[in-house]
Amino acid sequence: MALLEDDGVGPVERFRADLRRSWQPITGACGSGQQLVRAEPMDRFDGNVGLQMISDCTVSKVKCECSKSAHRFALVLKALSMIYKLVQSNTFATKRDLYYNDTQLFGSQAVLDGIIDDVCCMLKVPRRSLHVLSTSKGCIAGDLCYTEEDGSRVNCACSSTAVLVPSNVNGIKHLNSTAQFVLVVEKDATFQRLLDDDFWTKTLPCIIITGKGVPDLSTRLIVRKLWDTLQIPIFALMDADPHGIEIMCIYKYGSMSMSFDAHSLTVPIIRWLGLLPSDIQRLNIPKEVLIPLTKKDMSKLTNLQKRPYTDCQPLWKKEMEIMKTYKVKAEIQALASISSNYLTRVYLPNKLQFGGWI
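Residues numbered from 1 in each chain as written. Predicted model: local features only at pLDDT ≥ 70, side-chain atom pairs only at ≥ 80, totals over all residues. Heavy atoms only, no water.

## Description of the overall build of the chain
Then, number 1: The helix and strand tally for the chain stands at 14 helices and 15 strands.
Then, number 2: Counting the 358 residues in the chain, one finds 51% classified as buried.
Then, number 3: Considering only residue pairs separated by 6 or more positions, the chain has 73% of its internal contacts joining residues 24 or more positions apart. (Helix = DSSP H or I, 4+ residues; strand = E, 2+ residues; numbered from the N terminus. Buried < 20%, exposed > 50% of the residue type's maximum accessible area, 1.4 Å probe, protein only. Contact = heavy atoms within 4.5 Å.)

And the structure:
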């Protein structure tokens, strides 16, 4: 299928050229003045970076002489001890590995996760610099080859199934691809449908990634690495609901909990390809497959509309208003009510051909 206009250049290629002309590497560290932080999430917004921690944010101090924080202090010291051994031996471990090092001391995985984030803030370094990895759940497929840290070569195009995103994304080298864009998919079910229909070979060559819902750190890192290396358009394919919008915002602008590492996680050039709330009316999606917004959905939608990055995305704001007006949401699978292969044969090709992203 040719996705070209009369001048021989399609919207995707034009978008890609514009990105490369305007691309400037974003470098920098966290603001000065951060201490051991599990602060009230006070962040500032930079359109080129995303949510960033402000330098004068509220901090939590842990003191060994204070009886109330003695246990917390012990947990931090234990975590620092394990991290020190990893760095000294140049080995890596997952957060789950560290937790099972002393389950009785930490009590729960969530406690250790919070401490690791505290240490990252205190030392002003990303988690991977501490040699602590997250167990990856994301998958990737399409026009991409790379070399893993152990020297093995991975070809995402040859595998009959998707490739699991590696835990140590920082160790990936020699990325090669002729992809025209990256498609970030919210849910695994949609991702698998795209693979089953050979989407990446039947339109423009592309790379498809899913974080299977809220993305883990490794999935966010590889999306950012693909942008830094390939500098090609990145599109988001999410459900037309507040949860899908929020997940897209995590990829694009980051999260408050990881704002200290925004420079290496966020991808502000991401564009919203679908499913747009306005598509529901435009495509006459049957009412019986639409889902009414719950009170929780309405609350999340209102919260999204108040976030600092919404003001710089007027088209996104308009789509949120449409959702709020009609009080319905739709999953991407709702497109199957039009025809079984509508997503891959009609919806996505038309969006890419005519520049239907915002």
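## Brief notes about the pattern of salt bridges
Then, number 1: Applying the stated criterion to the full structure yields 12 salt bridges.
Then, number 2: Where Arg224 meets Asp228, a salt bridge forms, and the shortest distance between an N and an O atom there is 3.0 Å. Taken together, the positions of Arg224 and Asp228, both in helix α8 (residues 217-230) and 4 residues apart, correspond to about one turn of that helix.
Then, number 3: Residue Arg224 is classed as buried on the basis of its relative accessible area, which comes to 7%.
Then, number 4: Two residues, Arg307 and Glu246, come together in a salt bridge whose shortest N-O distance is 2.7 Å. Note that Arg307 is positioned in the loop between α12 (295-305) and α13 (314-326) and Glu246 in helix α9 (residues 242-253), a separation of 61 residues in sequence. Each of the two residues, Arg307 as well as Glu246, counts as buried. (Salt bridge = Lys/Arg side-chain N within 4 Å of Asp/Glu carboxyl O.)

## So, the confidence of the model for the chain
Then, number 1: With 82% of its residues at a pLDDT of at least 70, the chain reaches an overall mean of 83.
Then, number 2: Mean pLDDT across the elements of the chain ranges from a minimum in strand β2 (residues 50-53), with 50, to a maximum in strand β12 (residues 234-237), with 97.
Then, number 3: Contacts from residues 26-42, a stretch scored under 50 in pLDDT, to residues over four places away or in other chains number 48 contacts. (pLDDT = per-residue confidence, 0-100.)

## Topic: helix α14 (residues 342-354)
Structural remark: α-helix, 3.6 residues per turn; residues separated by three or four positions point the same way.
Then, number 1: At Leu348, α14 shows its maximal bend, which comes to roughly 25°, and the proline Pro349 appears one to four places after that position.
Then, number 2: Three or more residues of α14 are buried, namely Tyr342, Leu343, Thr344, Tyr347, Leu348, Pro349, Lys351 and Leu352.
Then, number 3: Immediately beyond the C-terminal end of α14, within one or two residues, lies Gly355, with a positive phi of roughly 70°. (Bend = angle between axes of the 7 residues up to and from the residue.)

## Digging into the packing of aromatic side chains
Then, number 1: Inspection of every chain in the model, using the stated rule, returns 8 aromatic pairs.
Then, number 2: Aromatic ring contacts, followed pair by pair, group Phe15, Phe181, Phe235 and Trp357 into a single cluster. (Phe/Tyr/Trp six-rings, centres within 6.5 Å; stacked < 30°, edge-to-face > 60°.)

## A closer look at empty space enclosed by the protein
Then, number 1: Taken as a whole, this structure holds 2 cavities of 30 Å³ or more when the rule is applied.
Then, number 2: Around the largest cavity sit Arg127, Arg128, Val132, Leu133, Ser134, Ser167, Asn168, Val169, Asn170, Leu217, Ser218 and Leu221, which together line it.
Then, number 3: Among the elements of the structure, β4 (132-133) and α8 are those that each provide at least two residues to the lining of the largest cavity.
Then, number 4: Among the elements that take part in the lining of the largest cavity, α8 stands out by supplying 3 residues, more than any other.
Then, number 5: Its residues assigned to classes, the lining of the largest cavity comprises 5 nonpolar, 5 polar and 2 charged.
Then, number 6: Among the elements of the structure, α11 (277-282) and α13 are those that each provide at least two residues to the lining of the second largest cavity. (1 Å grid on protein atoms, 1.4 Å probe; cavity = no way out; pocket = protein on both sides within 12 Å on 5 of 7 lines; lining within 4 Å. Points joined across faces, edges and corners; volume = space filled by probe spheres on them. Nonpolar A, V, L, I, M, F, W, Y, C, P; charged D, E, K, R; others polar.)

## A look at the environment of Ile245
Then, number 1: With respect to the helices and strands, the residue Ile245 is situated in helix α9.
Then, number 2: Here Ile245 falls in the buried class, since its relative accessible area comes to 1%.
Then, number 3: Separated by 59 residues in the primary sequence, Ile245 and Leu304 have C-alpha atoms spaced 8.3 Å apart.
Then, number 4: Discounting chain neighbours no more than four positions away, the residues touching Ile245 are Trp272, Leu304, Met320 and Met323.

## What about α9?
Then, number 1: A rise of 1.5 Å per residue sets the reference length of α9, with its 12 residues, at 16 Å; its end C-alpha atoms lie 16 Å apart and thus fit the reference within 8%.
Then, number 2: Burial analysis of α9 places 11 of its 12 residues in the buried class, the great majority of the element.
Then, number 3: Of all the positions in α9, only Pro242, Gly244, Ile245, Glu246, Ile247, Met248, Cys249, Ile250, Tyr251, Lys252 and Tyr253 are classed as buried.
Then, number 4: At the C-terminal side of α9, Gly254 shows a positive phi close to 90°. (Expected span 1.5 Å × (residues − 1).)

## Things to note about the sheet that holds strand β9 (residues 173-176)
By way of backbone hydrogen bonds, the strands of a sheet pair with one another, either parallel or antiparallel.
Then, number 1: What the 3 strands build is an open sheet, ordered β7-β6-β9; its pairing is antiparallel. Two strands lie at the open edges of the sheet, namely β7 (153-155) and β9, each paired on one side alone. Across this sheet, the average inter-strand angle for adjacent strands is 10°, counted without regard to direction.
Then, number 2: Sheet topology note: the strand β6 (residues 145-147)/β9 ladder contains 2 bridges and is antiparallel. Bridge pairing in β9 links Cys145 to Asn176. (Pairing = 2+ DSSP bridges. Axes fitted to C-alpha atoms, helices over the stretch in contact; angles between N-to-C directions.)

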